[in-house]
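If you want the building blocks of each chain, they are given just below.
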Amino acid sequence: MKKIKSTTIVGVRLKGKVAMAGDGQVTFGDMSFKQKAVKVREFNHQQNKVLGGFAGAAADALTLFEKFEQKLEQFEGDLKRATVELAKDWRLDKMLRHLDAMLVVMDKRYSFIISGDGNVIEPDGPIVSIGSGGGYAHAAATAFLKSAQYSAKKTAQESLKIASNLCIYTNDSISVIEI
C-alpha cells in the first residue's frame, strides 16, 4: 500500500458511539499551505449514518467521497457493499485509478480502509487510522481505550493531538465528528 504523507485520520468505536478525527494541515511536498482544512465528514443515508475521512490529494479525495456517497445511496446504506463496489470502480476505471488518496469509512458496525490499488481492509478492533501520523494516533487511541478514561470523541481528538506532536505532516487543528 502506498504511504500517504499528508495527514492523519483516526476513527474510534466505543460504547455505541463512533468518532472520527482529522487534522487540518494541507501540504505540498515539504510546504504547508493550509492549516484548517476539514478532512472528515458524515454521510447520512436514511438506513445508516457513516463517517468518512481522507488522506492524500484533496481534490482526488473529494471526488472519491462523491463516488462513495453515490454507492452508499445505490446500496441503500449498506456500508460493506458500497465500500467494495467503490474499490472495484476505483481499481478498474481508467480515470479513477490515477487518483492519489486513501479513504477510511466507518459506521457503528464496520470500519474500512479503501485504497486506489483495489485494497479494502477491514481492521480488527475498534480503531482505524490512515495517513502519515496514523500509527501514532492508533497507538495513542489504543492506550486511551485501555484506560477507559475518555469517550469515543475525546479518544479520537486526544489521539490526533498526540500524533500532531510527532508527525510533521499532521497539525493540531483538529476536526472531530461523532455518530
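Read on for a plain summary of the structure. Remember, predicted model here, so these are calculated numbers, not experimental data. Along each chain, the written sequence defines residue order, and numbers are assigned to residues from 1. In keeping with the predicted nature of the model, local features appear solely for residues at pLDDT of at least 70, side-chain atom pairs appear and are counted solely at 80 or more, and the whole-chain, interface and lining totals rest on all residues. With hydrogens and water set aside, each side-chain value is computed from the structure's full complement of heavy atoms.

## Topic: the overall build of the protein chain
In step 1: Think of it this way: any DSSP run of H or I at least four residues long counts as a helix, any run of E at least two long counts as a strand, and we number them from the N terminus. The number of helices and strands found in the protein chain is four helices and eleven strands.
In step 2: In this description the radius of gyration comes from C-alpha coordinates, and the expected globular size is given by 2.2 Å times residues to the power 0.38. Taking 2.2 N^0.38 as the reference for a compact globule, 179 residues should give roughly 16 Å; the C-alpha atoms of the protein chain span a radius of gyration of 15 Å, in line with that estimate.
In step 3: Expressed as lengths along the three principal axes of its C-alpha atoms, the size of the protein chain is roughly 40 × 40 × 25 Å.
In step 4: Here's how the labels work: a residue is buried when its accessible area is under 20% of the maximum for its type, exposed when over 50%, partly exposed in between, all with a 1.4 Å probe on protein chains only. Counting the 179 residues in the protein chain, one finds 50% classified as buried.
In step 5: A total accessible area of about 9,000 Å² is found for the protein chain, and carbon and sulfur atoms account for 50% of it.
In step 6: Residues scored as positive are Lys and Arg, those scored as negative are Asp and Glu, and His as well as the terminal groups of each chain are ignored. Charge positions are represented by NZ for Lys, CZ for Arg, CG for Asp and CD for Glu. Charge centroids of the protein chain, computed over 25 positive and 20 negative side chains, lie 3 Å from each other. Each accessible area is a Shrake-Rupley result for a 1.4 Å probe, and residues are judged covered by the shown protein chains and nothing else.

## So, the packing of helix H3 (residues 134-147) against helix H4 (residues 152-166)
In step 1: Here an angle of 0 to 180 degrees is reported between the N-to-C directions of two axes, which are lines fitted to C-alpha atoms, with helices fitted over the stretch in contact. Where H3 meets H4, the closest approach of the two axes is 8 Å, and the angle between their N-to-C directions is 140°. Classed by the angle they form, the pair H3 and H4 counts as oblique. Seen from above, H3 lies across H4 with right-handed handedness. The residues of H4 that touch H3, namely those facing Tyr136, Ala137, Ala140, Ala141, Phe144 and Leu145, are Thr155, Glu158, Ser159, Ile162, Ala163 and Leu166. For classification, angles of less than 35 degrees are called roughly parallel, those exceeding 145 degrees roughly antiparallel, those between 65 and 115 degrees roughly perpendicular, and all remaining angles oblique. Here is the rule for handedness: rotate from the far helix to the near one, and if that takes an anticlockwise turn smaller than a right angle the crossing is left-handed, while a clockwise turn gives right-handed. Note on contacts: a residue pair is in contact if any heavy atoms of the two residues lie within 4.5 Å.

## Looking at the sheet that holds strand S10 (residues 127-131)
In step 1: Between any two strands, pairing holds if DSSP finds at least two bridges. If you walk across this open sheet you meet the four strands as S10-S1-S2-S11, and the pairing is antiparallel. Two strands close off the open sheet at either side, each with one partner strand: S10 and strand S11 (174-178). Across this sheet, the average inter-strand angle for adjacent strands is 10°, counted without regard to direction.
In step 2: Note that strand S1 (residues 8-14) and S10 share five bridges and pair antiparallel. Pairing of isoleucine 9 across the sheet is with isoleucine 130, part of S10.
In step 3: Its contacts with the sheet put H3 on S1 and S10, and the angle it makes with S10 is roughly 160°.
In step 4: Sheet strands touched by H4: S1, strand S2 (17-23) and S11. Its angle to S2, the strand with the most contacts, is close to 25°.

## A few points about the environment of leucine 99
In step 1: Within the secondary structure, leucine 99 is located in the loop between helix H2 (79-92) and strand S7 (101-106).
In step 2: The buried category is assigned to leucine 99, whose relative accessible area is 18%.
In step 3: Every residue in contact with leucine 99, bar those within four places of it in the chain, is listed here: Asp60, Thr63, Leu64 and Trp90.

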